[in-house]
Amino acid sequence: MSQQLLRFSSKLILILAIAFGIHLLALYYLQHPLFENKIVLAYVVNAVLAISIYGFLLKMKEKYKEQLGFLFLAGSIFKFVVFFILFYGAYKADGTISKLEFAAFFIPYLLCLVIETSSLAKWLNNLE
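Procedures and definitions
Residues numbered from 1 in each chain as written. Predicted model: local features only at pLDDT ≥ 70, side-chain atom pairs only at ≥ 80, totals over all residues. Heavy atoms only, no water. Core = buried A, V, L, I, M, F, W, Y, C linked by side-chain atoms within 4.5 Å. Buried < 20%, exposed > 50% of the residue type's maximum accessible area, 1.4 Å probe, protein only. Helix = DSSP H or I, 4+ residues; strand = E, 2+ residues; numbered from the N terminus. Contact = heavy atoms within 4.5 Å. Patch = residues over 30% accessible without salt bridge, like charges linked within 9 Å, V, L, I, M, F, W, Y side chains within 5 Å. Areas by Shrake-Rupley, 256 points an atom, 1.4 Å probe, with all protein chains shown as cover. Salt bridge = Lys/Arg side-chain N within 4 Å of Asp/Glu carboxyl O. Phe/Tyr/Trp six-rings, centres within 6.5 Å; stacked < 30°, edge-to-face > 60°. Expected span 1.5 Å × (residues − 1). Bend = angle between axes of the 7 residues up to and from the residue. Axes fitted to C-alpha atoms, helices over the stretch in contact; angles between N-to-C directions. Parallel < 35°, antiparallel > 145°, perpendicular 65-115°, else oblique. Left-handed = near helix turned anticlockwise from the far one by under 90°. Nonpolar A, V, L, I, M, F, W, Y, C, P; charged D, E, K, R; others polar.

Draft legend 1. Looking closely at the nonpolar core. Grouped together as the largest cluster of nonpolar side chains are 32 residues, with contacts concentrated most on Leu 12, Tyr 54, Leu 57, Phe 87, Phe 105 and Trp 123. Sorting the residues of this core by element identifies α1 (3-29), α2 (39-60), α3 (68-92) and α4 (99-127) as the ones contributing at least two each. By residue number, the principal contributor to this core is α2, which donates 12 residues. Contact partners of Leu 12, with chain neighbours within four places excluded, come to Ala 47, Ala 50, Ile 51, Cys 112 and Ile 115.

Below is the structure:
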């Protein structure tokens, strides 16, 4: 594993672990069930996908330097496909997606997206 991927993975996992703890504390404080709505799966899947996509883009950065933005977008589309396969059916089973279900998926998704995008932007700027 490259140093760059290891640093990215460590940073992502640390931030997600802190966010997960805060998320659980908020649920506890608001007296909601802690481990419903596939919250653990959402954090794990988002982390694995972000690390995988980042690693894939690192491998492709020399060969497909000009297409990295499109590959990143393809990774985002892949994340949406995974969401529909793993989460959407369960979330929509009662006819609506609750705020808790939305938060369980969207918080780790957004954190991963921000970290992934900022990290990729840094090394893409260095490629020029």
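Draft legend 2. A nonpolar patch on the surface, seen in detail. A cluster of nonpolar side chains, Phe 80, Phe 84, Tyr 88, Ile 97, Phe 102, Phe 106, Leu 110 and Val 114, forms an exposed patch at the surface whose accessible area comes to about 710 Å². Breaking the nonpolar patch down by element, the ones donating at least two residues are α3 and α4. No other element matches α4, which puts four residues into the nonpolar patch. Here Tyr 88 is to be found in helix α3.

Draft legend 3. Geometry of the packing of aromatic side chains. Counting across every chain of the model gives nine aromatic pairs. Ring geometry for Phe 8 against Tyr 54: centres 3.9 Å apart, planes inclined by 5°, an arrangement best described as stacked. Highlighted residues: Phe 8 in helix α1 and Tyr 54 in helix α2, separated in sequence by 46 residues. With respect to burial, Phe 8 and Tyr 54 carry one shared label: buried. Centre to centre, the rings of Phe 106 and Tyr 109 are 6.2 Å apart; their planes meet at 35°, and the pair counts as tilted. Placement of the pair is Phe 106 and Tyr 109 together in helix α4, with a separation of three residues, close to one helical turn. Of the residues examined, Phe 106 reaches a relative accessible area of 32% and is grouped as partly exposed. When its relative accessible area of 9% is taken as the criterion, Tyr 109 is described as buried. Following the ring pairs from residue to residue traces out a cluster consisting of Phe 80, Phe 83, Phe 84, Phe 102, Phe 105, Phe 106 and Tyr 109.

Draft legend 4. Looking closely at α3. Compared with the 36 Å implied by 1.5 Å per residue over 25 residues, the 34 Å span of α3 between its first and last C-alpha is a close match. The axis of α3 is deflected most strongly, by about 45°, at Phe 84. Looking only at α3, the buried set comprises Leu 68, Phe 72, Gly 75, Ser 76, Lys 79, Val 82, Phe 83, Phe 87 and Tyr 91.

Draft legend 5. Seen up close, the packing of α2 against α3. Relative to each other, α2 and α3 sit at 155°, their axes nearing to 10 Å. In terms of orientation, α2 lies roughly antiparallel with respect to α3. Every pair of crossing elements has a handedness; the one defined by α2 and α3 is right-handed. Contacts between α2 and α3 pair Leu 41, Ala 42, Val 45, Leu 49, Ala 50, Ile 53, Phe 56, Leu 57 and Met 60 from the former with Leu 68, Leu 71, Phe 72, Gly 75, Phe 78, Lys 79, Val 82, Leu 86 and Phe 87 from the latter. When grouped by side-chain class, the residues that make up the contact of α2 with α3 number 16 nonpolar, one polar and one charged.

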